[in-house]
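# Tertiary structure, described
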Amino acid sequence: MSDLTVAVPEEKVASTKAVVMNQVAGPEVRAESPLYHADLDSLAKQGPRKGGVRLRENKLLGHLTLRCNPNNADQLAAVERVLGMALPLQPLTSVEKGDVSIRWMSPDEWLIIVPGLKAFDVETRFRDEMDGHYSLVNGSGGSTVLELSGDNVVDMLKKSTPIDLHPSEFPVGKVVSTVFAKSTAVIRRTGEKQFELVIRRSFSDYLWLWIQDASREFGLVVDA
Amino acid sequence: MTQKNRLQSGGRIDRSKPLTFTYNGKKFNGFLGDTLASAMLANGIDIVGRSFKYSRPRGIVAAGAEEPNAVLQLGATEATQVPNVRATQQELFNGLVSSSTNGWPSVETDLMGTIGKMGGSMMPPGFYYKTFMYPKSLWDTYESMIRKAAGLGRSPLESDPDTYDKINQHCDVLVVGGGPAGLSAALTAARSGARVIFADEQNEFGGSLLSSKETLNGAPASEWVNAVVEELRGYDNVMLLPRSTVNGYHDHNFLTIHERCTDHIADIAPAGQARQRLHRVRAKWVVLATGAHERPLVFANNDVPGCMVANAVSTYINRYGVAPGNELVLMTTNDSGYQAALDWHDAGRKVVAIVDTRQNPKGDRVEASRQRGLNLITGSAVIEVQGSKRVSGVSVAPISADGNKVTGSVSKLSADTVASSGGWSPVIHLSCHTGSRPVWNDDVVGFLPGPTVQKQLTAGAINGSYSTSTALFEGLNAGLKAVAEVGLSASEVMLPKAEEVNEGAPMTLFHIPHLKPTSQAPKQFVDYQTDVTAAGIEVACREGYESIEHVKRYTAMGFGTDQGKLGNINGMAVAAKALNKTIPETGTTIFRPNYTPVSFGAIAGRDCGALFDPERYSAMHKWHVARGAKFEDVGQWKRPWYFPKPGESMKEALNRECLATRESVGILDASTLGKIDIQGKDAREFLGRVYTNAWAKLAVGKCRYGLMCGEDGMVFDDGVTSCLGENHFLMTTTTGGAARVLEWLELYHQTEWPEMEVYFNTVTDHWSTLTISGPNSRKLLAELTDCDLSNENFAFMDWKQTTVAGVPARVFRISFTGECSYEINVQANYGMHVWEKLFEHGEKFNLTPYGTETMHILRAEKGFIIAGQDTDGSVHPFDLGMGWCVAQKKPFSYIGKRGMAREDCVREDRKQLVGLKTTDPKVVLPEGAQGVLDPKAPIPMPMVGHITSSYWSANLDRSIAMGFVKGGLNKMGEKVFYPLADGTVVEAEICSPIFLDPKGERQNV
């Protein structure tokens, strides 16, 4: 393995000897988000504009899973250099700055969401800045973000997840990875009546059906 | 029709809102605010069903959840049929259609009634046990009669048009029961700012206060109730749930509440609304204020319509403005029972007599009865009722002070209604649900909630505290305690002033004596719904059933849908007397969820139809659907099974797909395969420990097949893992095994080898995997990539990063078909784009999409196993002939090494996987067929192993199969026989499982 760059010419190999790959195609290539086939844009144009629950797919973002040692000060400093903010070490919390957000997922795991076109850059900078044992995995194709809001958003979510969503237990910024219907979701509160769900691609059609059904009594508005 | 029993005034019904309803095909009138039961009583409907065993006519006995008889079928259409509805809990709505459920051919003239005596002797206590034991031959005769006569309704034959759903709730304090105790508890908790859920099964809060004329602060109690409910409604922190039965109390203060959202409105829920909703509640503290049920007394013919519990009489008069008869005889062992006679008298109806079993009753209500000039007969009991379809009179006789025998002459009184009160039974069901055993209390003459590990408080009648003032006070205290426990402080709550009623001591009496011994007296019913009599319980005790749990099972006491709410205590008392024990010595039975029946709809919620189970789709799913794919469930994934062209049979489609792939190029959506990204400096060593083969020397850019075994050495998953970077690997797993393998890796990392520096992450959903396979796959791919695809640059088991159709891709030259194959991995957002581009360029190569079935055939032609099909947890790599995939010289051990070296695992005659060629090449063996070496051996024939994979191979123009044969690897060329269920025997020859291209040249071109 004397000359790794020859074996994998277009990849960057950092001291961690993990590969990084720019996975984003050019603008001429059609990218289909997990809910592409639901045609949410048309629903946003033609569907009802009033209802108790609003939904928007925040699609084609960069989803990066970082696993590292929260007791390693060097790594924590490297994260701050790359992302411009510290990792949230408090369980079930999240931080957000500009178009980058970080969710605590488990004692050694964080989900970082960045604009889709920034993912490769962030990955590269991690490999440049961060040493030691960690993993950084691009999962952008495997999940999508749903923004849910409205007067009845909590009612709809209560039908879907056993988590206590009362503001005293689930304040703005809290994030949980939990059961959602018969699938899972990463749920984060982004406002009093505003939540963000990160859901898995292969379950997204099921969850889209579920959310439509659970919203039926309140009315569902789809936003573009 | 006129409502002959409707009072001119009074009650909480709205006489300006008349409603019509149907019962057994006849139309009747009622009012808004009625229950179905109160409206039936208003119309003078005496008979609501026939009894289970004796087919005796039965009428409404109670006014609430404890009602055993008025269990009706509802529904105006076939699709809206609802069985098992207690008329006492069903609010009347316009157009309600109901019918009795037990009564063939009709409740009024029941053929079974005429053979009731026979039925009784045919079905003694323990009937089922005895019948099943002997005489066995008679069962068919009994059964047809029982089936027809029994049952409490039927399920609809059409789909329910309504929706039901479930919702999760959390609160600081859940208050169960909306009577005085619950109201004061909820108010106290609410004022502290606690998150409160306040649930009651009735349509309005108030509980016992709704059924009486008592006052609070000198005003009608309803004024205080309204003020409290109004205040509670104003709090954001309070959720009021009327029409909601807390039906189950589970561990860790998890409770389920069955809310009937629209059952009171119409046959079908209004558009967009759920008919019922199941609330799943986590409560920090629970206050049970569930009240008490009045016990009827057990006396001869006490089931004749017109016999009711005393409090129900008061409820019908005070709450619904219905006096369910004209001439009342009240029998009571206590003061509270007198209220029924007082209310009856005040409603302008005739009280024939109050029969008090006590010799010398004293108390405010006794005095009130005397002042009204009512006929008070003390030291006596109603020992028998006359009448069949309605009470016509009663026999009254003096009884001994201990209540055990009749001491004087019998006099007869004319009456159409008999109310009885044997005291009250606290509603302890919910506290029992979590396993807390109730405790008998002699002062209360009933069971009280026992010690509990739950964060549970109780208030009011559930504690045997029957006066309104005590209930209010206990509710306040429970509320204070609950909020203090959750760290809040309560603001002041002023309790209203309740009337003080002095009561004399009750008499402990359950079973009224008769002139004849119990076994010869007319039937004295203990449990109406299951037709258990006092005589039946005595028989059970005589036959040696001494534990109440056994008596219960032997007689079926408490086994009805009412769970014996009225009868259980009486039954225990009868058993205790028969066994010469006390009630606590006899024991008690534990109640189980649910408190009242819950519809299947509410339990299912929205997890039905399209939402029953998640369907997982790949990024190309829509293409598959448009192409007419037939799908196969693999885990929760919907995978294309095969792609028939119009008019094509499955076999034709498979033949075409198989031939096209071997002759030109086929494409498979392999996105569902599990994919795990593995990073860290110890990743390679970790692979060496979880796979059976060696990984130390796998170079960057190379791929390798691996077998994974459990500790027992048995294969549990397989797949190809590729070295992406020196410390970076991509593992693939079977579709169904993805989650299990990731958990397996984490388990070993976290528990056995936490020192290893390695991280695992699922990337299954992230990558779309498009596998092109066949001699033209290279030519096709070359049109879409600049990558040098020559065999020299990009050999079998290499992977390359490149661009395919303008999309960054990792291409793996690995093969599950034995052909030259490329697995193209692109971020799933681009999966459809690349798939479509491949088809744009693939037309000239006859690019053929294929599904899991062709994949199975093609791999079987090559003898490749499928973990889970050719393995079943009992085969190790050597059994599979895959010893080449087990490394013997790895420095560190690996999972399964010790297991597969066990004595039993190295036997020569283990079942081993071999190829099987049928002698007749056209015969395809059924998978699962068992092989024998001698087809003429007597049954049971020694079986040597079964067929695991079997297909028609279009490429070989014959059938092929793989299967296990004992010692098969050393039996090449020998015959195995497969006797099939249809009597034929298929002969097959043992061969190598590699049917095609044994040297593997095709994949290396």
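Owing to the predicted nature of the structure, the values given are computational and were not obtained by experimental measurement. (Residues numbered from 1 in each chain as written. Chains lettered and ligands numbered in written order. Predicted model: local features only at pLDDT ≥ 70, side-chain atom pairs only at ≥ 80, totals over all residues. Heavy atoms only, no water.)

### Some details on the overall build of chain B
- Broken down by element type, chain B carries 24 helices and 49 strands.
- A globule of 1005 residues ought to have a C-alpha radius of gyration of about 30 Å, yet chain B, at 38 Å, is considerably larger.
- Judged by the C-alpha coordinates and their principal axes, chain B covers about 115 × 70 × 55 Å.
- When each of the 1005 residues of chain B is scored for burial, the buried share is 61%.
- When the accessible surface of chain B is totalled, it reaches about 38100 Å², and 53% of it is carbon and sulfur. (Helix = DSSP H or I, 4+ residues; strand = E, 2+ residues; numbered from the N terminus. Rg over C-alpha atoms; globule rule 2.2 N^0.38 Å. Buried < 20%, exposed > 50% of the residue type's maximum accessible area, 1.4 Å probe, protein only. Areas by Shrake-Rupley, 256 points an atom, 1.4 Å probe, with all protein chains shown as cover.)

### With respect to the overall build of chain A
- When its secondary structure is counted, chain A shows six helices and 13 strands.
- Against the compact-globule benchmark of 17 Å for 224 residues, chain A has a radius of gyration of 19 Å, which places it among compact chains.
- Taken along its principal axes, the extent of the C-alpha atoms in chain A is 65 × 45 × 30 Å.
- Taken over 224 residues, chain A has a buried fraction of 56%.
- Of the contacts formed within chain A by residues at least 6 apart in sequence, a portion of 63% connects residues at least 24 apart. (Contact = heavy atoms within 4.5 Å.)

### Some words on unusual backbone geometry
Residues and elements named next belong to chain B.
- Pro593 connects to Asn594 through a cis peptide bond whose omega is 5 degrees.
- When you line up the elements, Asn594 lands in the loop between helix H16 (583–586) and helix H17 (600–604).
- Between Ile939 and Pro940 the backbone carries a cis peptide bond, its omega angle lying at 0 degrees.
- Mapped onto the elements of the fold, Pro940 is located in the loop between strand S45 (930–932) and strand S46 (943–953).
- The residue Asp957 is not glycine, and still its phi comes out positive at about 55 degrees.

### Details of the pairing of strand S8 (residues 163–176) of chain B
Residues and elements named next belong to chain B.
- Within S8, 13 of the 14 residues are buried, leaving the element largely enclosed by the surrounding structure.
- Relative to strand S15 (residues 274–288), S8 runs parallel, the two sharing 13 bridges. Following the sheet pairing, Lys166 is matched in S15 by Leu278.
- Examined bridge by bridge, S8 and strand S9 (residues 196–199) share four bridges and lie parallel to one another. Bridge pairing in S9 places Leu174 opposite Ile197. (Pairing = 2+ DSSP bridges.)

### A word on the interface of chain B and chain A
- Taken together, the contact pairs 64 residues of chain B with 63 residues of chain A.
- Buried surface at the junction of chain B and chain A, both sides included, amounts to about 5500 Å², of which 53% is carbon and sulfur.
- Area buried by chain B at its contact with chain A is led by Tyr759, Gln801 and Asn829 of chain B, which between them contribute 14% of it.
- Counting every contact that joins chain B to chain A gives eight salt bridges.
- Put simply, Arg277 of chain B and Glu217 of chain A hold a salt bridge, and the shortest N to O gap is 2.5 Å.
- If you look at where chain B meets chain A, you find 34 residue pairs in polar contact (both at pLDDT 80 or more).
- Those elements giving two or more residues to the side of chain B that touches chain A turn out to be S8, S15, strand S34 (674–679), strand S36 (715–725), strand S38 (759–762), strand S40 (799–804), strand S41 (807–812) and helix H23 (831–842) of chain B.
- The element contributing the most residues to the side of chain B that touches chain A is S8 of chain B, with seven residues. (Buried area = accessible area lost by both parts, 1.4 Å probe. Salt bridge = Lys/Arg side-chain N within 4 Å of Asp/Glu carboxyl O. Polar contact = N/O pair within 3.5 Å; in protein donor to acceptor, adjacent residues only side chain to side chain.)

### Examining the packing of aromatic side chains
Residue and element names in this part refer to chain B.
- Following the criterion strictly, the structure yields 25 aromatic pairs over all chains and no others.
- An angle of 75 degrees between the planes, with centres 5.4 Å apart, marks the rings of Trp623 and Trp835 as edge-to-face. With a gap of 212 residues between them, Trp623 in helix H18 (residues 621–626) and Trp835 in helix H23 connect regions that are remote in the sequence.
- Overall, Trp623 belongs to the buried group, its relative accessible area being 15%.
- Overall, the relative accessible area of 1% leaves Trp835 in the buried class.
- Look at Phe686 and Trp753: their rings are 5.5 Å apart centre to centre, the planes differ by 85 degrees, and that puts the pair in the edge-to-face class. (Phe/Tyr/Trp six-rings, centres within 6.5 Å; stacked < 30°, edge-to-face > 60°.)

### What to know about the domain arrangement of chain B
Residue and element names in this part refer to chain B.
- Each assigned domain of chain B is listed with its residue range as follows: domain 1 (1–158), domain 2 (164–292 + 426–485), domain 3 (296–422), domain 4 (669–762 + 864–894), domain 5 (767–842) and domain 6 (907–1005).
- Relative placement of domain 4 and domain 5: their C-alpha centres are 24 Å apart.
- Listed per partner, the contact involves 17 residues of domain 4 and 16 residues of domain 5.
- Regarding the contact of domain 4 and domain 5, the summed buried area is about 1400 Å², with carbon and sulfur atoms giving 64% of it.
- Remark: the boundary between domain 4 and domain 5 carries one salt bridge.
- For Asp798, the salt bridge goes to Lys702, with nearest N and O atoms at 2.6 Å.
- Our enumeration of links across domain 4 and domain 5 arrives at six residue pairs in polar contact (both at pLDDT 80 or more).
- At the level of secondary structure, the elements contributing two or more residues to the side of domain 4 that touches domain 5 comprise strand S35 (703–709) and S36.
- No other element matches the four residues that S36 contributes to the side of domain 4 that touches domain 5.
- Class assignment for the residues of the side of domain 4 that touches domain 5 results in 10 nonpolar, three polar and four charged. (Domains from an automatic or database assignment. Nonpolar A, V, L, I, M, F, W, Y, C, P; charged D, E, K, R; others polar.)

### Regarding the UniProt feature "domain: Aminomethyltransferase C-terminal" (unreviewed entry) in chain B
- Here, the residues flagged by UniProt with the feature "domain: Aminomethyltransferase C-terminal" (unreviewed entry) are residues 911–997 of chain B.
- Each end of residues 911–997 of chain B is marked by a C-alpha atom, and these two atoms are 25 Å apart; helix forms 0% of the span and strand 49%. (UniProt positions renumbered as here; feature names shortened; annotations may be inferred.)

### Regarding the side chain of Glu196 of chain A
- As for its placement among the helices and strands, Glu196 of chain A is situated in strand S12 (residues 194–200).
- Here the side chain of Glu196 of chain A touches Arg103 of chain A through a polar contact of 2.9 Å, side chain to side chain.

### Observations concerning the confidence of the model for chain A
- In this model, chain A carries an average pLDDT of 93, and 93% of its residues clear a pLDDT of 70 or more.
- The low-confidence segment residues 1–13 of chain A, where pLDDT is below 50, has 22 contacts with residues more than four positions distant or belonging to other chains. (pLDDT = per-residue confidence, 0-100.)

### What to know about the pattern of salt bridges
- A complete count under the given rule lists 67 salt bridges over all chains for this structure.
- For the salt bridge of Lys59 of chain A with Asp41 of chain A, the shortest nitrogen-to-oxygen distance reads 4.0 Å. Of this pair, Lys59 of chain A sits in the loop between strand S3 (53–58) and strand S4 (62–67) while Asp41 of chain A sits in helix H2 (residues 40–46), and the two are 18 residues apart along the sequence.
- When salt bridges that share partners are traced, they join Asp879, Asp904, Arg907, Asp909 and Arg910 of chain B into one network.

### Brief notes about the sheet that holds strand S24 (residues 417–421) of chain B
Residues and elements named next belong to chain B.
- One open sheet holds the five strands; their spatial order is S17-S24-S18-S19-S20, and the pairing between them is parallel. At either end of the open sheet lies a strand with only one pairing partner, and these are strand S17 (307–309) and strand S20 (376–378). Strand-to-strand twist of the sheet, defined as the mean angle between neighbouring strand axes without regard to direction, takes the value 20 degrees.
- In this sheet, S24 lies alongside strand S18 (residues 327–332) in parallel orientation, the contact comprising five bridges. The partner of Leu328 across the bridge, within S24, is Thr417.
- Its contacts with the sheet place helix H9 (residues 338–346) against S18, strand S19 (350–356), S20 and S24, and it is angled at close to 165 degrees to S18. (Axes fitted to C-alpha atoms, helices over the stretch in contact; angles between N-to-C directions.)

### Looking at the UniProt feature "domain: GCVT N-terminal" (unreviewed entry) in chain B
- Taking the numbering used here, the UniProt-annotated feature "domain: GCVT N-terminal" (unreviewed entry) corresponds to residues 620–890 of chain B.
- When the span residues 620–890 of chain B is considered, its composition is 26% helix and 28% strand, and the gap between its end C-alpha atoms is 41 Å.

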